[in-house]
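# Commentary on secondary and tertiary structure
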Amino acid sequence: HGEVHPTTSETKLFLEFPLGEKTTLMVAGRYNYDLFGNFLFYSNNYFYDMNVSFTHRFSDRHRFTFKYFGSRDKTNIDFNSIYKYMGNTMGMQDYFDDMSLKWINQWNNHIVTGIWKSVLASNLFFRAQVYGSFHQADNYSEMVMNVEDVVFDTSTRMKSKVNDGCVKASVDYKPFYWNNLKAGFEWNTYEFENESEMNALEQGSAQRSPGLLAFFA
C-alpha cells in the first residue's frame, strides 16, 4: 500500500510492500519547494528527505534490517532583484543596480545502518549493528555595494563536515524472568572538519579524528 500527497508547498510519498514471503520494503520521502521565495527573490530554495527500510527474515530466529536516511537543504536568497526594483521605482538606478546581498546555504545528511538479530536459544539473543552518519554544510554570504565610485565587496564561506561510524554487537542472556545479563563491545570513529574563507581567501581549517573502543558486561 502507499500514499502520495502533493500540495502547493510540498509533496509527500509513502510506499510499503512485500518482496516475497520473507522480505518487506518501505520507501518514504518529502520534497518541499519555496514557490513564494523563488518568485520574489528569483532564488532556488528547496528541501527533500527520504527513508528506505528493508527487512528480510531468514527464519523465525534470524532477521536482517537495512535502513537509509538522506536529506538535502538548499537556501539561495539574492536581494539583487529587489534592489533593482527599488532603484527603478525611486529613480536611483546608479545606487541600487550594483547592490547585491546574497546567502547560499547547503546542508547534506546521510545515515545508513544494518542490523542483524538472532535468537540463539529461548533465553539467549544476539544483536549486531553497523552504521554510518555523514553531514556536510556549506554556507556562503556576499555583499556588494557601489556608492559614488566607492566599491564595498566582501564575502565569507564556512564549511563543515561531521562523520560518525560505529560497529557494535551484544549477547543478551535471560536465565530467569527477573534477571538479565548482557555483554558486548562497541567501536566508534569520528571525523570533524571545519574550513573558513573570507573574500575567496582561505582563513584556516581544522580536522579531528578521534575514536573509541568499549567493552561492557
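Data block above holds the structure.
Residues numbered from 1 in each chain as written. Predicted model: local features only at pLDDT ≥ 70, side-chain atom pairs only at ≥ 80, totals over all residues. Heavy atoms only, no water.

## Quick look at unusual backbone geometry
With a phi close to 55 degrees, Asn-199 is a non-glycine residue in the positive phi region. Locating Asn-199 in the fold gives a position in the loop between strand E9 (181–198) and strand E10 (201–208). Under the relative-accessibility criterion, Asn-199 is labelled partly exposed at 38%. The backbone of Ala-200 sits at a positive phi, close to 65 degrees, despite the residue not being glycine. (Helix = DSSP H or I, 4+ residues; strand = E, 2+ residues; numbered from the N terminus. Buried < 20%, exposed > 50% of the residue type's maximum accessible area, 1.4 Å probe, protein only.)

## A word on the packing of aromatic side chains
Counted under the stated rule, the structure contains 8 aromatic pairs. Here the aromatic rings of Tyr-31 and Tyr-46 are separated by 6.2 Å at their centres, their planes lie at 5 degrees, and the arrangement is stacked. Here Tyr-46 lies in strand E4 (residues 46–57) and Tyr-31 lies in strand E3 (residues 23–33), a separation of 15 residues in the sequence. A connected cluster of aromatic rings, assembled from ring pairs, spans Tyr-31, Tyr-33, Tyr-46 and Tyr-48. (Phe/Tyr/Trp six-rings, centres within 6.5 Å; stacked < 30°, edge-to-face > 60°.)

## Description of the side chain of Asn-163
Tracing the chain through its elements places Asn-163 in strand E8 (residues 150–173). On the accessibility criterion, Asn-163 (14% relative accessible area) is buried. Not counting chain neighbours up to four residues away, the residues in contact with Asn-163 comprise Ser-133, Phe-134, His-135, Thr-189, Tyr-190 and Glu-191. (Contact = heavy atoms within 4.5 Å.)

## Some remarks on a nonpolar patch on the surface
Taken together, the side chains of Val-4, Leu-13, Leu-15, Phe-17 and Leu-19 define a hydrophobic patch exposed on the protein surface, amounting to about 390 Å² of accessible area. When residues of the nonpolar patch are assigned to their parent elements, the largest contribution, 3 residues, is made by strand E2 (residues 10–18). Here Phe-17 lies in strand E2. Here Phe-17 falls in the partly exposed class, since its relative accessible area comes to 31%. (Patch = residues over 30% accessible without salt bridge, like charges linked within 9 Å, V, L, I, M, F, W, Y side chains within 5 Å. Areas by Shrake-Rupley, 256 points an atom, 1.4 Å probe, with all protein chains shown as cover. Salt bridge = Lys/Arg side-chain N within 4 Å of Asp/Glu carboxyl O.)

## Points about the pattern of salt bridges
The final tally for this structure, using the stated rule, is 5 salt bridges. Across the salt bridge formed by Arg-30 and Asp-49, the nearest N and O atoms sit 2.5 Å from each other. With Arg-30 in strand E3 and Asp-49 in strand E4, this pair connects stretches of sequence that are 19 residues apart. Taking the relative accessible area as the measure of exposure, Arg-30 reaches 38% and is therefore partly exposed. Residue Asp-49 is classed as buried on the basis of its relative accessible area of 8%. Residues joined by salt bridges that share partners form a network here, namely Lys-161, Glu-191 and Glu-193.

None of the figures reported here should be taken as evidence of function without further support.
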